[in-house]
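Secondary and tertiary structure notes
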Amino acid sequence: MHPDNKNIGPYLFKQLRKANKELAPHILETNRGIQTIDFSNPKAVLELNRAILLNDYSLNWYDIPEGYLAPAIPGRADYILYLKDFLNTDKQAQGLDVGTGANFIYPLLGGSLFNWKMKGVDIDPKAVQNANLLLEKNTHLKGFLSAVYQQQRAQIFEGAILPGEQYDFTMCNPPFYSSEKEAFKATKEKSKNLKLKEVERNFAGQSNELWCNGGEALFIKRMVKESVHFKDQVGWFTTLVSKSEHLPKIRKQLEKLKAEHKTVDMSQGNKKSRFLAWRFKE
């Protein structure tokens, strides 16, 4: 985990419970006396992340509609923190979050941590509506954050980056799976590992948040292909890549397009992750 991550140590449940009283019923104690929550329970996860945002990131209010993805804040914060190191600038950066979701998490973190000016775009109107509600409730962030509906569902940057706009970076957490079936299979396997008795068809996320045709690899390839047309408006294009085996083909595509590219490795406990960054030479 990034050394500046606010949650690099154990969760301070006493403080978190004070910040969000709804967390209290979900706090459990292990045989060793360590406090935790049931991470297989979407409600418990939401209340924990709500508490973290209220306690550690100066948010006044946070909520997402039922059934939408509740992101793990420490991992999302790592992307922002490592991206800040990668950009290596102290100026107020301007960024675009592709597929921002109802949680609007990357703009909220970028604004809270570094006063970044960020626009989040999404093809789901309900997600954008909730993102704007988050801005209404957190007025201290409203001046430099925005959430916009992406009307061109078949495009990634077209319609998201408007003529005359300039961004220091773009960022994205692409859909992991290629189908609902694959997403359910992964959920079933996770439930098995957690020794749950029942597997519910509850992905804690909408279809566009979790899967798309071709899955992560094809989505990123489409992103790379489209990025060529916006090379004069973006400093660095970046995206999370959940599966390292996808990297060779994506890098090959970038090299074919004569793009400079770098991979930044991250880790949270035993979980390894990374983001890929690229830009086009003059």
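Please refer to the structure higher up on the page.
Residues numbered from 1 in each chain as written. Predicted model: local features only at pLDDT ≥ 70, side-chain atom pairs only at ≥ 80, totals over all residues. Heavy atoms only, no water.

With respect to the pairing of strand β4 (residues 117-122)
Burial runs high along β4: 5 of the 6 residues are buried. Sheet analysis places strand β3 (residues 94-98) next to β4, joined by 5 bridges and oriented parallel. Within β4, the residue paired with Gln94 across the bridge is Lys117. Once the chain exits β3 it traverses helix α4 (residues 105-114) before rejoining the sheet at β4, and the crossover so formed is right-handed. In terms of strand pairing, β4 meets strand β5 (residues 145-149) through 5 bridges, oriented parallel. Each bridged residue has a counterpart across the sheet, and for Val121 the counterpart in β5 is Val148. (Buried < 20%, exposed > 50% of the residue type's maximum accessible area, 1.4 Å probe, protein only. Helix = DSSP H or I, 4+ residues; strand = E, 2+ residues; numbered from the N terminus. Pairing = 2+ DSSP bridges. Right-handed = clockwise from strand over helix to strand, strands pointing away.)

Concerning unusual backbone geometry
A positive phi angle, close to 55°, is found at Phe104, a residue other than glycine. Among the structural elements, Phe104 can be located in the loop between β3 and α4. A relative accessible area of 0% means that Phe104 is categorised as buried. We note that Lys258 has phi near 60°; this positive angle belongs to a residue other than glycine. By secondary structure assignment, the location of Lys258 is in the loop between α10 (247-256) and β8 (259-268). Judged by its relative accessible area of 68%, Lys258 falls in the exposed class.

As for the pairing of strand β9 (residues 271-280)
Of all 10 residues in β9, 7 are buried, a share of seventy percent or more. Bridge count between β8 and β9: 10 bridges; the pairing is antiparallel. Across the sheet, residue Gln268 finds its bridge partner in β9, namely Lys271. What sits between β8 and β9 in their antiparallel hairpin is a turn of 2 residues, with Gly269 showing a positive phi close to 65°.

A closer look at the side chain of Glu216
Structurally, Glu216 is set in helix α9 (residues 215-227). It is Lys243 that comes nearest to the buried, bridge-free Glu216 among opposite-charge side chains, at 6.6 Å. From its side chain, Glu216 meets the backbone nitrogen of Lys243 in a polar contact 3.3 Å long. (Lys, Arg positive; Asp, Glu negative; His and termini not counted. Salt bridge = Lys/Arg side-chain N within 4 Å of Asp/Glu carboxyl O. Polar contact = N/O pair within 3.5 Å; in protein donor to acceptor, adjacent residues only side chain to side chain.)

Looking at the pattern of salt bridges
In total, this model carries 8 salt bridges according to the counting rule given. Here Asp168 ties to Lys91 by a salt bridge, and the two come within 3.0 Å at their closest N and O atoms. Here Lys91 lies in the loop between α3 (73-87) and β3 and Asp168 lies in strand β6 (residues 167-172), a separation of 77 residues in the sequence. Note on Lys91: relative accessible area 49%, which makes it partly exposed.

Structural notes on α9
Turn by turn, an α-helix covers 3.6 residues, leaving residues three or four places apart pointing in a common direction. Taking 1.5 Å of rise per residue, the 13 residues of α9 would be expected to cover 18 Å, and the 18 Å separating its terminal C-alpha atoms lies within 8% of that figure. Every buried residue of α9 is accounted for by Gly215, Glu216, Phe219, Ile220, Met223, Val224, Glu226 and Ser227. Structurally, α9 contributes buried residues whose contacts are with β6, β7 (234-240), α10 and β9. (Expected span 1.5 Å × (residues − 1). Contact = heavy atoms within 4.5 Å.)

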